[in-house]
Every structure is written in structure tokens, then in C-alpha cells.
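# Coordinate inspection notes
Spelled out from the first residue to the last, the chains are:
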Amino acid sequence: MTADWWKEAVVYQIYPASFNDSNNDGFGDINGITQKLDYLCSLGVRIIWISPYFKSPYIDNGYDISDYRAIDPRFGTMEDWENMLSEMHKRGLKLIMDLVVNHCSDQHKWFQEAKKSKDNPYRDYFIWKDPKPDGMPPNNWTSYFSGPAWEYEPLTNQYYLHLFSKEQPDLNWQNPRLREEIYDIMHYWIGKGVDGFRLDVMHAYGKTPGLPDGRMDGTLPVGAEHFSSLPLNHAYMKEMNREVFSKYDIFTVGETDGITIDDALQYTSEAAGEVNTVFQFQHVNIDSVYEERWLADSPLPVKAFKSCLADWQRGLDLEGWNSLYLSNHDQPRQVSRFGNDEKYWAESAKMLATIMHLQKGTPFVYQGEEIGMTNCPVHDINEVQDIESIHAYNEYLSKGLATREEMLAGISRRGRDNSRTPMQWDRTANAGFSENTPWLHVNKNYKEINVESQINCDDSIYHYYRKLIHLRSQNPVVVYGSFTEFYRDSDSIFCFTRSLGNQVLLVTANMTAESVEYKVPGAVTYTKSSLYISNYPTGQSPHDRVLRPYEASAYLLLKH
């Protein structure tokens, strides 16, 4: 396995609308990001992934792009962006652009032209089908955002496909002209200095020819087997790599829902020639399938969760490369989701950071994760901005699948707004995010949980993240060491080693709120040891003990 800069770095994701508002209009912006670059450098991250800031009607918070070469005015200007990139590069930071090319906005010039007539030059940039004889949609596919995946266009008497909102028509990747346009967009931004791409919904570019009906087996969205990592998709990705990625020293990561380890190897192995790594979802969906997540309210199945993580570690240990994450703009806050955001808030936040950053792969930190930001409950649907949550709420209530109270509880647990509340910088009004009313409510706990207070506390979650990130840069075993799991049958302990040469990193974590007996695995032998990191006071050498609630530690061992 070759050494690469993107394997050794830590990525920080910024959701620009909620990161920092420089002009006090209540909406985060590009200049606000530039103002906080020194903060990011101090944290130790080296790659910045920013969610979309292209021109957009903002139906899906920027993931509906109407111009791929323009900055949305709500975020600033191209000059602002160029200055931000220049300041990033001065500090040794690299910028990853979030590119949404499974679909675009219905306000994009391509779609505005395509819907005019069946013979318009842009018509085949999208996926159109005639209605069934009874006027119904051409197949039974459903959208990720609830309801049918088809929208009728009366002018030409056809339906167009949208796997997300009806304002996000799917692009037709079978059209070589469309693919060339996308590659030109990539070359354009690389020419302006970007250092890579995060590819939104990368698994769905290719669709089964003919668009047959999906299985009605309870899995949602219906039809996923016809647009999830098909062989055709791999052909598109190989072409994209050949035409764009292979020509530059850039970092590429694809969002890939529903994939297996074998799929990931096809995408990320060095021989595959597709992308560097992927985001898979098995671990973040471990306790509920897609359609059940709004109503599922059960404890984390620790054994299944750590088994999933370990399977991906083993599966991509020799080939391919893992992305290490628990939270992003589409997930709830990780300390609320996988830890304990009340009694053991700090301990569980540090534990989760430990087990994720010390696995093999590239770690991703989502804004606010490094200070333990938590979910933000809602009490009325009018408090919700997220289109996915609103659509689900309306569908479940209209079909009698849940009560108002059940859906609001589900949105409070799993809704995407949880991760999109404004960044909590300090104790001042609006958490220091803006002097004006923010576009989305601020979490009420901002006076207790904020950057300023944690920077001033040596034992804070923030400083724990800084230490983890710094130590990674000093210890190749954390980046390239092989993975071995212990305590596989435990319902509470996640224990593994990373090994490289004569170095071994022993990582142990209690993933529960209960104390648990622990014995050092007999297979772990060493001649010298030192404490690498721990979220509780502990000794300098591995030892049998009772692990305290959410206790995590790592020891750096020498074998001879």
C-alpha cells in the first residue's frame, strides 16, 4: 500500500450556512470561513471539505445546484472564494469541493431548456419517460425524500426522474455529452486550485437500462437495486478517473449508500482506478433500516456496531481505504446518537473520537463535533428547515403511520437539522455565530458547550481532539498499521490493535454507561509501553482493570 498525503491527514467538514457569519445577515458565508482558518490550523486538520456554496435555489440547502461555475450570493463572491482558497493554501490547508452531479436544480439552464420540448438539445441531459396508459408514473421507484421518484411535466406529457426532491431532477449519465460537461466543470475548479472532490450520491449515477420496477420487499427507496453501485456506475467512475482524477494529485471521496465491502474495494483499491475512498453507511444505520429510522428508539447495539466497524477494517486492510466518520451534515450529532449527551457527555465524546481516529483510514471531523455539540430537539414542525424531515413528517401523518408527537421525537433524534444548527463559538448572543437572528435556531446549550470555553479548559473535548490529531501526524502506525480485533463477542468492549513493524497500538474502549471488567488480551506482548491517550486518568502500561463508563485508552507498545 502506497503512502499518500490524504491518508495521513484529517478532514474537517464545514457546513457553510452554519459555520460563521461575517456580515451578520444570519447566514454563514465564505468570508466567515476565512476568518476561522487559524482555528482550524490550531485544531490540526489539513483538509477542509465544504458543503456546496454554488448558486442554488436552496430547496435542499445547496444540494440543488443551478450554476456549477458560480458562487451563490448568500455565501459571497468569486473574489471571496479565491481569497479563502489563497489563505487556505498559505496555511498548508487543502480544499475539497462538494460536487453534486447525480442531479442538479430544476432552475439550472440545462433543465430549463430540456423541459421545453422533446427535441431540445438538453433533453437527454435528464431521464424522461412516458406515462403508463393510465397516466401513472413509468415505474414504482420512490424518492429518498418520500413519495414517487417521478414528476409529471405537462408541456411534453412525460415524467422526469428525481431520486430526491422534485426540484432536483436526476442527470442522465448515459449521455456522453452530459459526462463531458461534468468533467469540464471538474477541470475548471481544479484549474482554480481546488485539491479534490467529495462526490454526492456517487452510487446512483448509473441506472439499470429500461428502468424496471423495483422490488416491493419493504426496502426503501423502492428501486434502489436499479441505481445502487451497478457495474455501469463503475464504468462511469473509471472514465471520470481517466479523464480527470488521474491527471492531478487530488483527493476524491464518494458518497455511496447501500454498498458492500466488495463494492468499496471496486471503488477504492489502487488497481480499480476510481476514487480514493468512499462514505459507506452500514455503521450509522446499524440499529434501523432506512424507512424505520424515524420511529426507531432503541439503545445502540454495541456488539453489532463494533462488528460492522471491524468488518470494514478487515475488508479494506490490504486494499482500498476507509473513511472514518460518525457524523456529517446528513447525520444527527454523534455524541447524542452513539454516546451519552447527558451524564457522560465528555467521556463518551472522547471515547467515540478515540475509536474512530485510531482505526485505519482517513478521519473526518464534522464542525462542532470537536466540542461535543449535541442534538437540538424540536417541538413543532415549523421549527424544522430540513426538506427530508418535513417530507417524512407529512407522509407519515397523512398515511397514519405515526402521530405528530412520534414524528417530532423521531426528527429530534435523527433529523438532519440536528447537525446544521449554528456553530457554537462562545457564550454571546447566537453563540457568536452572528449578531443577527440565524437562519436556523441555535442549540440552547451554547453557553455550556462552545469553542471559547473549551479552548480555555485543558481537559476539554476540543483539546482531546487536538491531541489525537497531533499524535496521528507523529505516528505512522496510526495511519498504516494493520488491524486486529479482540473481545469480538463483548457487548460493551471494543478492543483492537494497530501494528506496523515493531510498534503496536493497543486501543480499548468501554462503549457503555456501565463499568465492565477488562483483561489485557493474552496475545498482546511487548517489551516497552507508554500511554498514548486516555479519557480518564490511568497507568502508563496496559493492565487488567474495571473500565469506567465510556472509558477509552490507547497504549503505544514496542515488541522488541
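Note that the structure is predicted; figures quoted are calculated from it, not measured.

### Thoughts on empty space enclosed by the protein
In the structure shown here, the tally under the stated rule is 5 cavities of 30 Å³ or more. The computed volume of the second largest cavity comes to approximately 80 Å³. In terms of lining residues, the second largest cavity is bounded by Val278, Gln280, His283, Leu309, Trp312, Gln313, Asn322, Ser323, Leu324, Met356 and Gln359. Every element with two or more residues in the lining of the second largest cavity is listed here: helix 9 (302–315) and strand 12 (323–324). When grouped by side-chain class, the residues that make up the lining of the second largest cavity number 5 nonpolar, 6 polar and no charged.

### Overview of the pairing of strand 8 (residues 158–161)
Judged by which residues are buried, strand 8 turns out to be covered on both faces: Gln158 and Tyr160 on one side and Tyr159 and Leu161 on the other are all buried. As defined by bridge partners, strand 6 (residues 128–129) adjoins strand 8 across 2 bridges and the pair is classed as antiparallel. In the strand pairing of strand 8, tryptophan 128 is matched with tyrosine 160. Relative to strand 8, strand 7 (residues 150–153) is paired through 4 bridges, and the arrangement is antiparallel. Residue pairing for strand 8: glutamate 151 is matched across the bridge by tyrosine 160. Here strand 7 folds back onto strand 8 in antiparallel fashion, the turn holding 4 residues, of which asparagine 157 has a positive phi close to 55°.

### Remarks on the packing of helix 6 (residues 176–191) against helix 7 (residues 231–243)
Their axes nearest at 11 Å, the elements helix 6 and helix 7 cross at an angle of 40°. Judged by the inter-axis angle, helix 6 sits oblique to helix 7. Viewed along their axes, helix 6 and helix 7 form a crossing whose handedness is right-handed. The residues of helix 7 that touch helix 6, namely those facing Arg179, Tyr183, Met186 and His187, are Tyr236, Glu239, Met240 and Glu243.

### Comments concerning the domain arrangement of the chain
Here the domain parsing of the chain yields domain 1 (11–103 + 177–465), domain 2 (109–161) and domain 3 (481–558). For domain 2 versus domain 3, the distance between C-alpha centres works out to 55 Å.

### With respect to the environment of threonine 527
Among the structural elements, threonine 527 can be located in the loop between strand 17 (516–518) and strand 18 (528–534). When the C-alpha positions of threonine 527 and leucine 558 are compared, they lie 5.8 Å apart, and in sequence the two are 31 residues distant. Leave out the neighbours within four places in its chain, and threonine 527 touches Leu558, Lys559 and His560.

### A look at the packing of aromatic side chains
With the rule as written, the count across this model stands at 40 aromatic pairs. Judged by centre distance (4.9 Å) and plane angle (15°), the rings of tyrosine 144 and phenylalanine 164 are stacked. You can see tyrosine 144 sitting in the loop between strand 6 and strand 7 and its partner phenylalanine 164 sitting in the loop between strand 8 and helix 6, a full 20 residues away along the chain. Like phenylalanine 164, tyrosine 144 is buried. With 5.3 Å between their ring centres and 80° between their planes, phenylalanine 145 and phenylalanine 164 make a pair best called edge-to-face. Of the two residues, phenylalanine 145 is situated in the loop between strand 6 and strand 7 and phenylalanine 164 in the loop between strand 8 and helix 6; the sequence distance between them amounts to 19 residues. On the basis of relative accessibility, which here comes to 12%, the residue phenylalanine 164 falls in the buried class. Cluster of aromatic residues (ring-pair linked, three or more members): Tyr53, Phe54, Tyr68, Trp81, Trp110, Tyr122, Tyr125, Tyr188 and Trp189. Sitting over the ring of tryptophan 5, lysine 94 keeps its end group 4.7 Å from the ring centre. Across from the ring centre of tryptophan 128, 3.5 Å away, lies the NZ or CZ of arginine 123, which sits over that ring.

Each value, and the rule that gives it
Residues numbered from 1 in each chain as written. Predicted model: local features only at pLDDT ≥ 70, side-chain atom pairs only at ≥ 80, totals over all residues. Heavy atoms only, no water. 1 Å grid on protein atoms, 1.4 Å probe; cavity = no way out; pocket = protein on both sides within 12 Å on 5 of 7 lines; lining within 4 Å. Points joined across faces, edges and corners; volume = space filled by probe spheres on them. Helix = DSSP H or I, 4+ residues; strand = E, 2+ residues; numbered from the N terminus. Nonpolar A, V, L, I, M, F, W, Y, C, P; charged D, E, K, R; others polar. Buried < 20%, exposed > 50% of the residue type's maximum accessible area, 1.4 Å probe, protein only. Pairing = 2+ DSSP bridges. Axes fitted to C-alpha atoms, helices over the stretch in contact; angles between N-to-C directions. Parallel < 35°, antiparallel > 145°, perpendicular 65-115°, else oblique. Left-handed = near helix turned anticlockwise from the far one by under 90°. Contact = heavy atoms within 4.5 Å. Domains from an automatic or database assignment. Phe/Tyr/Trp six-rings, centres within 6.5 Å; stacked < 30°, edge-to-face > 60°. Lys NZ or Arg CZ within 6 Å of the ring centre and 35° of its normal.

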